[in-house]
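Structural description and commentary
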Amino acid sequence: MGDERSEATSQRSEVLQGTLDLLVLRVVALEPLHGWAISKRIEQVSREVLLVQQGSLYPALHRLQRRGWLRASWGTSENNRRAKFYQLTPAGRRQLEHETASWRQLADAVDRVLEHA
Amino acid sequence: MRRILDEIRHRLWVLLDRRRANSELEEELEHHIAMETEALMRESGLDRDAARRQAALAFGGLGAVREATREQRGTLPLEDLARDLRLGTRTLARSPRFTAAALLSLVLGVGATITIFAVVDAVLLRPLPYEHLDRLVELSEITPEGDLFSTSDLNLLDFRARTTTLDGIAAVAFPSQNLLLDGDEPVRLRAVPVTDDFFALLGVRPERGRTWEPGEVPPGNDARSVVLAHQTWQRHFGGDPGLVGDTVRLGAERWTVLGVLPPEFRFGESADLWIPYPIDIERERGDHRLSAYARLAPGVDIASAERELRDVITRLGEQYPETVGGWDARLRPLAEVALGPEARATTLALLVAVVLLLLLACANVSSLLLARGATRGDEMAMRRALGAGRWRLVRQLLAESSVLGVVGAAGGLLLAAIALPLVRSLGSGALPRIEDAALDVRGAAFTIAVAISASLLFGAAPALQLSATAPRQWAGGGLRSGSGVRSTRLRSTLVVAQLAAALVLTSSSLLLFDSFSALRRVPSGIDLDGLVAADVSLPMDRYGEGSEQVRLFYDRVLEEVRSTPGLEAAGATTTHPFRGPSLANTVARPEATERAEFVEIAWRSVRPGTFRALGMPLLRGRDFIADEKELVTILSASLAERLYPGEDPIGRQVRWIRPEGPLARVVGVVADVRDLDVATEPRPTYYWNQHHMGWPDLTVVARGTLPGDQLVRALSEAVRRADPLLPPPETSLVEDDLSRSMASPRLSLQVFALFAGAALATALIGLYGLVAFTAASRRGELGLRVALGARPGDVRRVLLSQGVRLLFVGLGLGLVGVLAISRLLRELLFDTAVLEPRVLLLASSLFALATLLACLLPALRAARQDPVAALRSE
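Structure report, in brief.

About the thresholds
- Residues numbered from 1 in each chain as written.
- Chains lettered and ligands numbered in written order.
- Predicted model: local features only at pLDDT ≥ 70, side-chain atom pairs only at ≥ 80, totals over all residues.
- Heavy atoms only, no water.
- Helix = DSSP H or I, 4+ residues; strand = E, 2+ residues; numbered from the N terminus.
- Buried < 20%, exposed > 50% of the residue type's maximum accessible area, 1.4 Å probe, protein only.
- Areas by Shrake-Rupley, 256 points an atom, 1.4 Å probe, with all protein chains shown as cover.
- Phe/Tyr/Trp six-rings, centres within 6.5 Å; stacked < 30°, edge-to-face > 60°.
- Core = buried A, V, L, I, M, F, W, Y, C linked by side-chain atoms within 4.5 Å.
- Contact = heavy atoms within 4.5 Å.
- Buried area = accessible area lost by both parts, 1.4 Å probe.
- Salt bridge = Lys/Arg side-chain N within 4 Å of Asp/Glu carboxyl O.
- Pairing = 2+ DSSP bridges.

Quick look at the overall build of chain B now. Per the secondary structure count, chain B includes 28 helices and 24 strands. Going through the 874 residues of chain B one by one, you find that 51% of them count as buried. As displayed, chain B offers around 39700 Å² of accessible surface, 58% of which is attributable to carbon and sulfur atoms.

Now for the packing of aromatic side chains. The relative placement of two aromatic rings is captured by the distance of their centres and the angle of their planes. Residues and elements named next belong to chain B. If you walk through the whole model with that rule in mind, you get 19 aromatic pairs over all chains. Aromatic pair Trp656 and Trp688: ring centres 4.9 Å apart, planes at 85 degrees, arrangement edge-to-face. In this pair, Trp656 is assigned in strand E20 (residues 653–656) and Trp688 in strand E22 (residues 685–689), connecting sequence segments 32 residues apart. Here Trp688 falls in the buried class, since its relative accessible area comes to 6%. Through pairs of rings, three or more aromatic residues link up here, namely Tyr130, Phe198, Phe199, Trp212, Phe265, Phe267, Trp274 and Tyr293.

In this structure, Leu360, Leu505, Ala759 and Phe847 of chain B are the most contacted members of the largest nonpolar core, which totals 35 residues. The set of elements that each furnish at least two residues to this core consists of helix H6 (96–125), helix H13 (341–375), helix H18 (479–521), helix H24 (743–777), helix H26 (792–826) and helix H27 (837–864) of chain B.

This brings us to the interface of chain B and chain A. Taken together, the contact pairs 25 residues of chain B with 29 residues of chain A. Interface of chain B and chain A: buried area, both sides summed, is about 2500 Å²; carbon and sulfur atoms make up 53% of it. The interface formed by chain B and chain A contains 4 salt bridges. A salt bridge links Arg81 of chain A to Glu38 of chain B; the shortest N-O distance between them is 2.8 Å. Here the side of chain B that touches chain A gets 13 residues from one element, more than from any other, and that element is helix H2 (residues 18–44) of chain B.

All names here are of chain B. A positive phi is found at His132, a non-glycine position, where the angle reads about 45 degrees. Mapped onto the elements, His132 comes out in the loop between H6 and strand E1 (136–142). Exposure remark for His132: the relative accessible area of 44% places this residue in the partly exposed category. Notably, Phe578 is not glycine yet its phi reads approximately 65 degrees, a positive angle. Inspection of the secondary structure assignment puts Phe578 in the loop between strand E15 (567–573) and strand E16 (584–588).

A few words on the sheet that holds strand E3 (residues 82–88) of chain A. Residue and element names in this part refer to chain A. The antiparallel open sheet is built from 3 strands, whose spatial order is E1-E3-E2. Looking at which strands have only one partner, the edges of the open sheet turn out to be strand E1 (33–34) and strand E2 (70–76). Where E1 meets E3, 2 bridges bridge the pair, whose relative direction is antiparallel. In the sheet register, Leu33 faces E3, and the bridge partner there is Tyr86.

So, in structure tokens, the structure goes:
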């Protein structure tokens, strides 16, 4: 994950970035989705708590695709438009597991500090 | 591993199909907005237009998203480079005047730098083709009077035997000989005699065959063997490989060709071939005919070798007080000797000038870019506001100046390719080895280095400054004053530096011009009008030194010349005016008993009538006559004054060489002449009558009324009529010889004048640009002043005062610069005090005038403008 860091620091908001990647990977793990649907899905599932900035979403999608974690293909969306669908690759699935594990670890650690400090 | 491959494949795809990748991105983003619009219409019941507006608003800056996404594709650096280069070229093409000015500065600067670098490389940097050059030294003796002198055969043998710090001492013997190669047209070949260890000492490996082995030519040996220069082998023997080992007929004898030297071999004066010189142990110890060269033993430095050598010669002086008493010795690095101090000074001066010009060109381009950059503040701020990153802007500007740099360098290279042959022909004769100056790989590498450093140099400053522009400033309209002040300060610094450098070049070239015209005005004492000279060389086999045949030959020649229509006065002398050789010895009053009482003089041996032919007035007494009864001499005015101050020297006696030397009676006094180098004072000169000192090789001089080329032909033919077997003598107009002798100062002058012109022009373009830019950027303020009642004169004053301030700072720094390089200039100048106030005043006022003009034009335009229009543009 060496290049992950340098990639992240080149963006301005490190934490959000990492989180967004994780969320995107998780959302497309179920089925191929296009960009708009990905952002809507994240908003719905998080009960509108998490708002996805489009300015971050599309760069993230292209970054994940470049890393080989997402695969893109053109298909037809629900309203009969040509749309770009993203789906998880095997490498992406491994990455998702890895990132989920580290997120849980982090969240637990933060919880523990909040409760016991 | 696979991930990396995937990533590379992805990047390649995007890169190769950039257009499709970009249109797909557009489509993807458009799809997002369309989906959002429909969602909004469904959920909030908005109409399509309102929904779309809201969707777009929610999306944020489309351009920024697009830019950020493209950055994530990881192919941006290459894409951007290509785009920046295209954009840069387009931007440059849009402002042709700016581009032309910048390119012109660059082409001139780069072209001149490459050309001069090639010259400096050939003259100064490229090592002489000898092995371990750092250990080769010239060995000279020093006369009791302190002058450098050659050595003698017996001294050389003692030096060899008694020194341990020198690994061999070889010598070139004087005089060189002329050998005739028979053919349709007989050719005279210059044969230089060298000791058998000469080529071994220099470490020269022959191209073919061999050279002599040290010890191969012992004293008394009269082996007839030659080593040919490569050029001689090619030109006169057709490069025949069978020649080596064979014999050739030169003059009356057959000589064995031992070998051929490599083409790059050069030593001292040009030689066509080399013959062996056996050390002559019969020759007097006081007869100095050898120019000696030595190799320092490994690990020995020149100072300790010289200490040992001086001990040896001091002991020799005790042993032979008559001939070596009071003499000293000296070692000088051969590399330094071969170059000569004047060539070094000229070359270094050129290098300084060219570096100044290159810096000027860079400063100018930087200045121009900066000025334009400041007016592009709005554009840059706009780009930043629309999401372009700071480094993205820096990159774009750097790309733009790189385009300038590359095109400028290419133009410069072209200019150098055109200029080099010109410089070679201009400089030949003035600088040693200049004919080797050529563009080569190193030259090209140098160009690229110059182009890159130059483009970075002038690209960096404006780029960094521009990109500091914050987007906010654009919106607030405060940008112009904000970044303007800083950029003006930087530009002012550049302009001051340019003015200073240009002043250095201008005053240097004015000083050189002054010096050169002084040199031209110096009367040499020889009347050049219609004077022509032919170098005659008589083959040794038919004409011996001092023989009757020699005298009869010159009698015939002078008769032939005098009977040629169009030729009048004729004579013959040992020294070709302004060419040489320079002959020196010592003389004294007859009562002198000590060597120290003898004075150093130049001497010439002339035929009767020579003074008249050269136009040298006889001040007292008479000219030589054909059959002089006793040993007589004619003295130059300065020598007569030196030996017999305030007395009439006619009838008095002068002793030649040493206390027991021959005595001659003075029969005449002639005017002083500068017959070798007009730049140096005339030397006291002692004239022999040819009747007493019959040299075989003389220069025949004649004066005529024909046009130049006919004079040359007439004299050459007259000489050949005296002996049709001789090759045609080398004949030239003495006027041409004089101007050739001034080739070096003329070259420096022309080059400096060129540089000064270019530098002045460059500096003025820079200054004009600064004032014009200031006027433009202060347009609003000036308009306001006029609207509030300022008169046009006030506006002019405001703008002019800026230029004048810079002018004074630049002048001050420039004068300091002139002081700094005056030491270097002194070696190039003749008869001109380096800081001659007149010249500096002239340069400074010329400068001030030009500068004011450069400031005045934009100031006038600014003062004329309509205040309302100016204010409105703000």
